[in-house]
Amino acid sequence: MFFLSQNSRWCFDLLALFFLGVIALVSLPSFLFSAGYLRAQFSRGRSLLATGLTVFFVLSMAAVVASANLIFFLFAWEFMSLVSYFLVVFEHEHEASVKAGMIYLVMTHVGTAFLLAAFLLMHAQAGTWDFEGIRAAAPAFTPALKNILFGLFLVGFGMKAGIVPLHIWLPYAHPQAPAPVSSIMSGAMIKVAIYGLLRFIAGMLGVPPVWWGNVILVAAGISCLVGVIYALMEHDIKKLLAYHSVENIGIILLGIGAGMVFWSWGWGVLAAAAFAAGLYHTVNHAVFKGLLFLCSGSIQVATGTRDIEKLGGLIKRMPQTAASFLVGAMAISALPPLSGFVSEWLIFQVFFVGLRDASSGGKLFFAGMMACLALTSALAAACFVKAFGVAFLAMPRGRAAAEAREASLSMRSAMIFLAALTVALGLGAGLVWKMFCAVAASFLEPPASAWSGLLSGSWDLIRFPGTDACLRTPMIMLALGAGIAAVYLFVRLTARKRVMTAGRTWDCGYYRLDHRTEYTATAFSKPFRIAFSFFLLPYRKTEKIRDSFYHVKEFTYETATTPIFKRYLYDPMVRGLFKLAQYVKGFQMGSIHWYLAYIFVTILILVVIFGRP
Amino acid sequence: MKASLLLLQAGIAVLGAPLVSGFIRKVKNALRMRQGASLGQPYYNIAKYMAKEEVVSEATSWIFRWTPSIVLGSTVAALMFVPVFSFSLSAPGMGDVLTLFFLFSLGRFFLALAGLDTGSAFGGMGSSREMFIASFVEPVAILSVAVVAGHSASPQGGLMACSMGMSFSGMVAAAALFMVVLAETSRIPVDNQETHLELTMIHEAMLLEYSGPSLAMLETAAHTKQLIWFSLLGAILWPWPVGSSAALSDIAAAAAFFVLKIVLCAVIVGLTEVSLAKMRLFRVADFLGLAFLFSVLALVISGLGY
Amino acid sequence: MTLFLLTGIMILTYAMLVCQRVPALIQNFRLQSLFLFLVTLDFAFRQKEAGIFVVAGLLLLVKVVLIPSFLNHLVKKIRVDERLGLFLNPLLSLIAALFLTWGASVFCSWFLGTSPTAVFAAFVVSITVVLVGFFIMVFRMKALTQIVGLLVMENGIFLLASAITGGMPFFVEIAIAFDVFVCAIITGIFMYRINKVFTHIEVHRLTDLKG
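Please read all numbers here as calculations on a predicted model, not as lab measurements.

Peer 1: Before we go on, may I ask you to explain the overall build of chain B in this structure?
Peer 2: Across its full length, chain B holds ten helices and one strand. Starting at the N terminus and walking to the C terminus, you meet the elements of chain B as α-α-β-α-α-α-α-α-α-α-α. Taken over 306 residues, chain B has a buried fraction of 64%. Within chain B, contacts between residues separated by at least 24 positions form 78% of all contacts whose residues are at least 6 apart in sequence.

Peer 1: Before we go on, may I ask you to explain the overall build of chain C in this structure?
Peer 2: Secondary structure assignment for chain C yields seven helices and zero strands. Along chain C, from the amino end to the carboxyl end, the secondary structure elements read α-α-α-α-α-α-α. Since a compact globule built from 211 residues should have a radius of gyration of about 17 Å, the 17 Å found for chain C is in line with a globular shape. In terms of overall dimensions, chain C has a C-alpha envelope of 50 × 35 × 30 Å along the principal axes. Counting only residues that meet the buried cut, chain C has 48% of its 211 residues in that class. When contacts within chain C are restricted to residue pairs at least 6 apart in sequence, long-range pairs at least 24 apart make up 72% of them. In chain C, 15 positive and 9 negative side-chain charges are present, and the distance between their average locations comes to 9 Å.

Peer 1: Hey, could you run me through the arrangement of the chains in this one?
Peer 2: Ranked by contact count, the leading pair among the two pairs of chains in contact consists of chains A and B. Note that chain B does not reach chain C: the shortest distance linking a C-alpha of one to a C-alpha of the other is 54 Å.

Peer 1: It is not clear to me how the interface of chain B and chain A should be interpreted in this structure. Could you clarify?
Peer 2: Buried accessible area, meaning the area lost when the parts come together, often serves as the stated size of an interface. At the interface, 78 residues of chain B touch 78 residues of chain A. Summed over both sides, the interface of chain B with chain A buries roughly 6600 Å², with 76% coming from carbon and sulfur. At the boundary of chain B with chain A, the tally comes to zero salt bridges. The tally of links from chain B across to chain A stands at eleven residue pairs in polar contact (both at pLDDT 80 or more). Among the residues forming the side of chain B that touches chain A, the class breakdown is 47 nonpolar, 22 polar and nine charged. The pairing of strand E3 (residues 500-503) of chain A with strand E1 (residues 54-57) of chain B spans four bridges and is classified as parallel. Paired with Met500 of chain A across the bridge in E1 of chain B is Glu54 of chain B.

Peer 1: Where do I start with the confidence of the model for chain C in this structure?
Peer 2: Detail in the predicted coordinates should be disregarded across regions flagged by low pLDDT. Per-chain confidence: chain C averages 84 in pLDDT, with 95% of residues scoring 70 or above. For this predicted complex, the interface confidence score (ipTM) comes to 0.93, while the overall pTM stands at 0.83.

Peer 1: Just to check I follow, could you spell out empty space enclosed by the protein for this structure?
Peer 2: Taking a probe equal in size to a water molecule and rolling it over the atoms shows the remaining empty space. Scanning the entire structure with this criterion turns up nine cavities of 30 Å³ or more. There is about 140 Å³ of room inside the largest cavity. Val55, Leu58, Leu59, Val62, Lys63, Glu154, Phe158, Glu173, Ile174, Ile176, Ala177 and Val180 of chain C together form the lining of the largest cavity. Among the secondary structure elements, those contributing two or more residues to the lining of the largest cavity are helix H3 (50-78), helix H6 (143-165) and helix H7 (170-198) of chain C. Looking at the second largest cavity, its volume works out to about 100 Å³. Ser333, Ser377, Ala378 and Ala381 of chain A together with Phe102, Ser105, Arg108, Phe109, Met131, Ala134, Ser135 and Glu138 of chain B together form the lining of the second largest cavity. Going through the elements one at a time, helix H15 (360-392) of chain A together with helix H4 (97-117) and helix H5 (121-150) of chain B are the ones with two or more residues in the lining of the second largest cavity. The residue makeup of the lining of the second largest cavity, split by class, is six nonpolar, four polar and two charged.

Peer 1: Looking at this model, I keep getting lost on the packing of H15 of chain A against helix H10 (residues 281-304) of chain B. Mind explaining?
Peer 2: How two helices sit against one another is set out by the angle between their axes and by the gap between those axes. Between H15 of chain A and H10 of chain B, whose axes approach to 10 Å, the crossing angle comes to 150°. Comparing their axes, H10 of chain B and H15 of chain A come out roughly antiparallel. For the crossing formed where H15 of chain A meets H10 of chain B, the hand is right-handed. On H10 of chain B, the residues that touch Lys363, Leu364, Ala367 and Ala371 of chain A of H15 of chain A are Phe292, Val296, Leu299, Val300 and Gly303 of chain B. Of the residues that constitute the contact of H15 of chain A with H10 of chain B, the class distribution is seven nonpolar, one polar and one charged.

Peer 1: Is there a simple way to explain the packing of aromatic side chains in this structure?
Peer 2: All names here are of chain A. Following the criterion strictly, the structure yields 58 aromatic pairs over all chains and no others. Site record: aromatic cluster; members linked through ring pairs are Phe73, Trp77, Phe119, Phe131, Phe153, Phe157 and Phe200. The aromatic ring of Trp77 is capped on one face by Lys160, whose charged end is 5.5 Å from the ring centroid. A cation over an aromatic ring shows up here: Lys239 above the ring of Tyr172, its NZ or CZ 5.6 Å from the ring centre.

Peer 1: Would you explain the interface of chain C and chain A in this entry?
Peer 2: The partner chain A presents 18 residues to the 18 residues of chain C that form the contact. A combined buried area of about 1400 Å² lies between chain C and chain A, and 78% of that area is made up of carbon and sulfur atoms. Summed over the shared surface of chain C and chain A, the result is zero salt bridges. At the surface where chain C touches chain A, the tally comes to two residue pairs in polar contact (both at pLDDT 80 or more). For the side of chain C that touches chain A, the element with the most residues is helix H5 (residues 118-139) of chain C, which contributes five residues. Partitioned by chemical class, the residues of the side of chain C that touches chain A number twelve nonpolar, four polar and two charged.

Peer 1: Explain unusual backbone geometry to me, please; I cannot follow it from the model alone.
Peer 2: Leaving glycine out, the prevailing phi sign among residues is negative, and the prevailing peptide bond configuration is trans. Following Pro336 of chain A, the chain continues to Pro337 of chain A via a peptide bond in cis, the omega torsion being -10°. Structurally, Pro337 of chain A can be placed in the loop between helix H13 (319-332) and helix H14 (339-357). A cis geometry characterises the amide bond from Ile188 of chain B onward to Pro189 of chain B, with omega recorded as 15°. Position of Pro189 of chain B among the secondary structure elements: in the loop between helix H6 (168-184) and helix H7 (203-207). The backbone phi angle of Leu537 of chain A is positive, close to 50°, even though this residue is not glycine. Mapped onto the elements, Leu537 of chain A comes out in the loop between helix H23 (533-536) and strand E4 (538-546). Phi angles above zero are rare outside glycine, and Ser186 of chain B is one such case at about 55°. Looking at the secondary structure, you find Ser186 of chain B in the loop between H6 and H7. The exposure class of Ser186 of chain B is buried, given its relative accessible area of 6%.

Peer 1: Sorry, what's going on with the side chain of Asn192 of chain B here?
Peer 2: Residues and elements named next belong to chain B. When you line up the elements, Asn192 lands in the loop between H6 and H7. By relative accessible area, Asn192 is classed as buried at 18%. Polar contacts involving the side chain of Asn192 include one to the main-chain amide nitrogen of Glu194, which spans 3.1 Å. Setting aside anything within four residues of it in sequence, one finds Asn192 in contact with Ser186, Thr200, Glu204 and Lys278.

Peer 1: Whenever I open this one, the packing of H4 of chain B against helix H8 (residues 212-237) of chain B confuses me. Can you help?
Peer 2: Residues and elements named next belong to chain B. Axis separation between H4 and H8 bottoms out at 13 Å; the angle between their running directions is 155°. When the axis of H4 is compared with that of H8, the two are roughly antiparallel. With respect to the hand of their crossing, H4 and H8 are arranged in left-handed fashion. On the side of H4, the interface is formed by Val97, Leu100, Phe101, Phe104, Arg108 and Leu111, while H8 contributes Leu218, Lys225, Ile228, Trp229 and Leu232. When the residues that make up the contact of H4 with H8 are grouped by side-chain class, the tally is nine nonpolar, no polar and two charged.

Peer 1: When you look at the pairing of E4 of chain A in this model, what are you seeing that I'm missing?
Peer 2: Consecutive side chains of a regular strand alternate in pointing toward one face of the sheet and then the other. Residue and element names in this part refer to chain A. Where E4 lies against strand E5 (residues 552-561), nine bridges are found, and the strand directions are antiparallel. If you follow Thr542 over to E5, its bridge partner there is Tyr557. Between E4 and E5, which follow one another and run antiparallel, lie five residues.

Peer 1: What exactly am I supposed to notice about the pattern of salt bridges here?
Peer 2: Evaluation of the coordinates by the stated rule reveals 19 salt bridges over all chains. Here Arg356 of chain A and Asp357 of chain A are joined by a salt bridge, their closest N and O atoms 3.0 Å apart. For Arg356 of chain A, a relative accessible area of 11% translates into the label buried. Salt-bridge contacts for Glu273 of chain B lead to Lys28 of chain B; the nearest nitrogen and oxygen are separated by 2.8 Å. One end of the pair, Glu273 of chain B, is in helix H9 (residues 248-275); the other, Lys28 of chain B, is in helix H1 (residues 2-31), with 245 residues separating them in the sequence. For the pair Glu273 of chain B and Lys28 of chain B, a shared accessibility class is recorded, and that class is buried. The structure contains a network of salt bridges with shared partners spanning Lys28, Arg32, Arg187, Glu194 and Glu273 of chain B.

Parameters at a glance
Residues numbered from 1 in each chain as written. Chains lettered and ligands numbered in written order. Predicted model: local features only at pLDDT ≥ 70, side-chain atom pairs only at ≥ 80, totals over all residues. Heavy atoms only, no water. Helix = DSSP H or I, 4+ residues; strand = E, 2+ residues; numbered from the N terminus. Buried < 20%, exposed > 50% of the residue type's maximum accessible area, 1.4 Å probe, protein only. Contact = heavy atoms within 4.5 Å. Rg over C-alpha atoms; globule rule 2.2 N^0.38 Å. Lys, Arg positive; Asp, Glu negative; His and termini not counted. Charge placed at Lys NZ, Arg CZ, Asp CG, Glu CD. Buried area = accessible area lost by both parts, 1.4 Å probe. Salt bridge = Lys/Arg side-chain N within 4 Å of Asp/Glu carboxyl O. Polar contact = N/O pair within 3.5 Å; in protein donor to acceptor, adjacent residues only side chain to side chain. Nonpolar A, V, L, I, M, F, W, Y, C, P; charged D, E, K, R; others polar. Pairing = 2+ DSSP bridges. pLDDT = per-residue confidence, 0-100. 1 Å grid on protein atoms, 1.4 Å probe; cavity = no way out; pocket = protein on both sides within 12 Å on 5 of 7 lines; lining within 4 Å. Points joined across faces, edges and corners; volume = space filled by probe spheres on them. Axes fitted to C-alpha atoms, helices over the stretch in contact; angles between N-to-C directions. Parallel < 35°, antiparallel > 145°, perpendicular 65-115°, else oblique. Left-handed = near helix turned anticlockwise from the far one by under 90°. Phe/Tyr/Trp six-rings, centres within 6.5 Å; stacked < 30°, edge-to-face > 60°. Lys NZ or Arg CZ within 6 Å of the ring centre and 35° of its normal.

Right, dumping it as structure tokens:
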């Protein structure tokens, strides 16, 4: 192929290796999980098809990350999108899957179109298709061209990553795919978009102007909040997790955006540290989101439903799934000493340094971002209390939940592996942080002397440059463990009566409460629905059927939130597009003679115009 | 030596925490012109709970049984990060104020889960409201502490170098933090510790199903958390050089100053509780929004140099 | 000699425009292809290249013998109404053709000047044939006429190529000849199928299918 020279087909530098590692970490447990999951859900032939498609999907993602050539990148990117489309519509007997696949396909291709435009522009300027050549030619690009490229890349990769308002396909596509595929899509595919952003914007276009970082930060902040608020309102567990993916992409981009801002101000070491914080959250999110999706797959196999309002009490019937989900929920809520806590701590430190050292406008901006991140992490914790509490705790709300059985061995082992990995990434934070700093430095190159201080220190220490803030997660784990153990032992030893009697939950004298008086997920999220009603625009529909004026026989109550992006942004665009198509249809007579006449006249005109001497 | 000092400090703090609650109640009762319960009433309550048998609901799981240990354990671990009156774990770089906040989140997470685990509407309601209020508290707390730390004397100061003293922005940030303290310690105007009506309790609702030693653990955790917040507030507004030496005289002086700060905090909280009424849940969101405004104001003022 | 043949081709082209029946059109096309064959033969004798003889022979075989007989066979098989639907009556068609010829001569004068040489005549005639072929495709209703129009266009292009450039490369000619043949066969099959489904091959009635 003429555009590929032999020595520039693959690129395995640190950044590519990092993302390949992320893809591998998410995909391998998913394959293990799918052995059990597919056997339980589909026939043998279909399972084989699904596995084959998933293998191609993972390979194409690896090809995207490892490619060193624009055409190859685009080819692998398209392949990845197409194969994931087939996986999304895998259960094509459900109309929801087909609809989701259509939305996903259209949006991913629009994103790819933007990427194509950017690549063509770059090639036109640099004259080569290779990354190396473009990186060498990039300093010669005009600032206007760089700005246009930035915009195109942001939209193109943002559509795949799920930045608001381009996120709309995520909550449709991720729930419909089979669970192991959802975990790979959410864990690895959206990270490939982050890889694209890093590679092209940070790795090629050089030192950015400040407003790029600001735009990314604002978009990231909005994504965080929008994602988590919509997640709070969801009761389909996979849709909830999909919205959380939007939120976590926002958090990753908060780190990366801050890094770009620092880079444009010339603070090399801090910029690399900020990028490293973003990369850390990338890995963490891949692992714990993959874990959570696998758990949701396990729930689906056991109970046949994804609606948490019909679940409950699963912790007694599916203890290992529940424990894995709890670990994942704790990680995503940034509770110490797990991995999510470390990466959010790091991003807070990034903003704190920005807050302290920036000029006054920058101070307010970073303070706003810090508050945004804090609000997001607290809302995420609330959402997972709801998800875990309603789905797993208390009493079952339906027969499906009451008769659930624990997942098979392959499913359980995959989940437990990922849970253990989450804990390990948290405990080994010092080591991991130093590795990621090295990765971030590889494409930023701050002076070596400044780095050595950062990379020194014992294996468990995380040191953030520019402050004397330190974190030692093993010590926190030790303190927690010692505290809990000491307390437990002390109380058990000193309590006079060592008995625990079983009884019924306090029922205010009503005899034998059952699951209908339990708190529902809708009720749990109601305060949030009211607090954010300016954004969610909830509405209710009621219907009364009366016997007489005084006797209401039936009352139906339905409450929903308005999907504002879909209704006010996408639906008008789609309607406008169809209107345009209707108008253009007027040209189509349906008659061959007219078409031939069009051709005839066009050719005549062209010949006359170009033939004129 | 330092480790033993740390443990001793933690032990004394945990043991002394219920006394602070008792003192606040005494202040409130004095303002209400009543005799009220004695100063050591919280201790009598805890002793009573320890002596009682525990009844655990059949609907619950291991989360319900382990939550009291986790909550108290995480609070005690958080205690080790605060410079109470001597050396704390933050000094050699184990963590900082953010770690503290997230340790509180850990306890709150499990307490909310335990509330849902009981399967009763009380617990669920309490969990929902607690998480709702916590989500508005977090940004305010983190921003206030960041403002304070950002204005600190040392240029390398991290989030624990809170040695602002009585500067203008520090005081505004402390006002914001005071509102956070009211929310986190479940005091009026956010929550009422003296009620057990389903629509008016938040923290108490999550504890409703607990009895016996578990309830004792949770109550101790609440007292300790309150002490941690007071000491944090005091350390920000009125710091005293802590942890520099292990000499007895220094420690005694630091301890005395600490007790003075706590007493002052307690008096102010008591006054607030008596003067205000408990707010509706959605007004609490406005209240915390006001606190957020204060912290932003503190940021602007510190940016101007005051 | 060449001029006589070119005139013949021109007259036959105009004659195609006034045909009212399908077999007449096909016969005209056959005659036109025959004249074209004679032109090519004449050219081959002058150039004395074996390749051109082969091309001429192919032209005879395909366009004079095979395709017209195939089209006649098709007409009989489909049993369509022999009348050729006209959108423009014959008089107006002729006037339009005169305009097309005038346009062709203007076009040629841009390249060759106005000297009335044989090459100039061939150029004008070939462009006219192409334009008339197009005209037949657009302004006649039946689908068969579209095949015939395409074939007429191809005739014109062949003539143009031979007149101006001395013929296209040998293999191109072979390829085009086969192309045309296969196109005609395929279109014939299409006609058959369309007739089977719709029982007519009036292409303008396919607008009923419009959504």
